[in-house]
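Chain and residue survey
Each chain, letter by letter, is given below.
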Amino acid sequence: MQCKNLVTITDLTLEDVDELFTLTTEIKESYKKGKSDHCLAGKTLGMIFEKSSMRTRVSFEVAMTQLGGHAIYLTKHDINLGERESVKDVAKVLPRYVDCITIRTYAHETVAELANCSSVPVINALSDYTHPCQALTDLYTIKEKKGSLDNVKLAYVGDGNNVARSLALLCAKLNVSYKIASPENYELSAEFLEKAKKIAKNNNTCVEQHSDPKGVISDADVIYTDTWVSMGKEKEAVTRRNDFRGYQVNSELMSHAKKDVFVMHCLPAHRGEEITNEVIDGQNSIVYDQAENRLHVQKALLKLLICK
Ligand code: CP
Ligand code: NVA
């Protein structure tokens, strides 16, 4: 893997993604056969989490355990990044102890600064701007389910948020058509769209912003949604729930989609808000396989970044 850190999807070359997906399949198959691989024996992952997490925290920690290493979970109370100590000093000291750092925080600049100043790999475990580990898992899962990403069309219904951005960039890179439908004021920014469209054009695919959910899902192979109220936006919850009415992935919307469309969600889901019970529990939903793959993809990522 050429990249040293995973701060955003743009850190990865196409070859990096291919290598990651190939290793993920090897690791997953060998794990399912009960074989152990202790390639990270004696290695430690420092996990800085300033926001809640179930999947990301547990899958990274279990990934280290299964690869023979160890993980240390550090909350805001432990480090108090930027207040008790500067990001730079944390980036200089932690690598004296650990072999890799994951960070989940608010400001994307914090992840970027940590990565710039750290001598060990830094992995973005979600920032307000992007969630690259999720996007890698999502595209890996689609490829696994469909056998290939050729001609795949993904429709995202909802907020132009961190999850939407990393998915757009990875779809553009992997030649997957990406169309997002969002209410007014919740679209991807013009600046971001320009960047994503450029990558998509170079790879003969598209990234498009729309407003009508039915329009984007009608020919889609995958329908993706995420919360209307991301972490850090709690104060806007009432307004957002109102503004996103009409953007729920429910049976009525599904009746306009292809019969074999996959439904994906990064989770946690807010049942009855962005997605209804009958859809998330229905036959098109692959959300739990998607969640499981966080573990396998991140094992491959840790192995590639730490065992350089
Ligand atoms: N999808 C995801 O990142 O879940 P957590 O917030 O539980 O880690
Ligand atoms: N967009 C959500 C994703 C959670 C995994 C958030 O940032 O809260």
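What you see as residue numbers is a count from 1 along each chain, following the sequence as written. Following the order in which they are written, the chains are lettered starting with A and the ligands numbered starting with 1. The model is predicted, so local features are restricted to residues of pLDDT at least 70 and side-chain atom pairs to those at 80 or more, both for listing and for counting; the totals for chains, interfaces and linings are taken over all residues. Side-chain measures here rest on the full set of heavy atoms in the structure, leaving out hydrogens and waters.

Under an unreviewed UniProt entry, the name given to the protein is Ornithine carbamoyltransferase, and the source organism is Candidatus Scalindua rubra. UniProt positions are given in the numbering used here, feature names are shortened, and annotations may be inferred rather than shown by experiment. Word for word, the UniProt comment on the protein under Catalytic activity (unreviewed entry) is "carbamoyl phosphate + L-ornithine = L-citrulline + phosphate + H(+)". The UniProt entry for the protein carries the following comment under Subcellular location (unreviewed entry): "Cytoplasm".

1. Section: the overall build of the protein
For helices the rule is a DSSP run of H or I covering at least 4 residues; for strands it is a run of E covering at least 2, with both sets numbered from the N terminus onward. Regarding its fold elements, the protein presents 13 helices and nine strands. As a reference, a globule follows 2.2 Å times the number of residues to the power 0.38, and the radius of gyration itself is taken over C-alpha atoms. Since a compact globule built from 308 residues should have a radius of gyration of about 19 Å, the 19 Å found for the protein is in line with a globular shape. With the C-alpha coordinates of the protein rotated into their principal frame, the extents come out at 55 × 45 × 40 Å. Partly exposed residues are those whose accessible area sits between 20% and 50% of the maximum for their type, while under 20% is buried and over 50% is exposed, using a 1.4 Å probe and protein chains only. Among the 308 residues that make up the protein, the fraction classed as buried is 56%. Only heavy atoms enter the contact rule, under which two residues are in contact if any of them lie within 4.5 Å. In the protein, once contacts between residues fewer than 6 apart in sequence are set aside, the share between residues at least 24 apart is 74%. For the protein, the exposed surface amounts to about 13500 Å²; the carbon and sulfur share of it is 47%. Taking the average location of the 39 positive side-chain charges in the protein and that of its 42 negative ones, the two points are 3 Å from each other. All accessible-area figures derive from a Shrake-Rupley calculation using a 1.4 Å probe, and residue coverage is judged against the displayed protein chains alone. We score Asp and Glu as negative and Lys and Arg as positive, and we do not count His or the chain ends. One atom stands in for each charge, and that atom is NZ of Lys, CZ of Arg, CG of Asp or CD of Glu.

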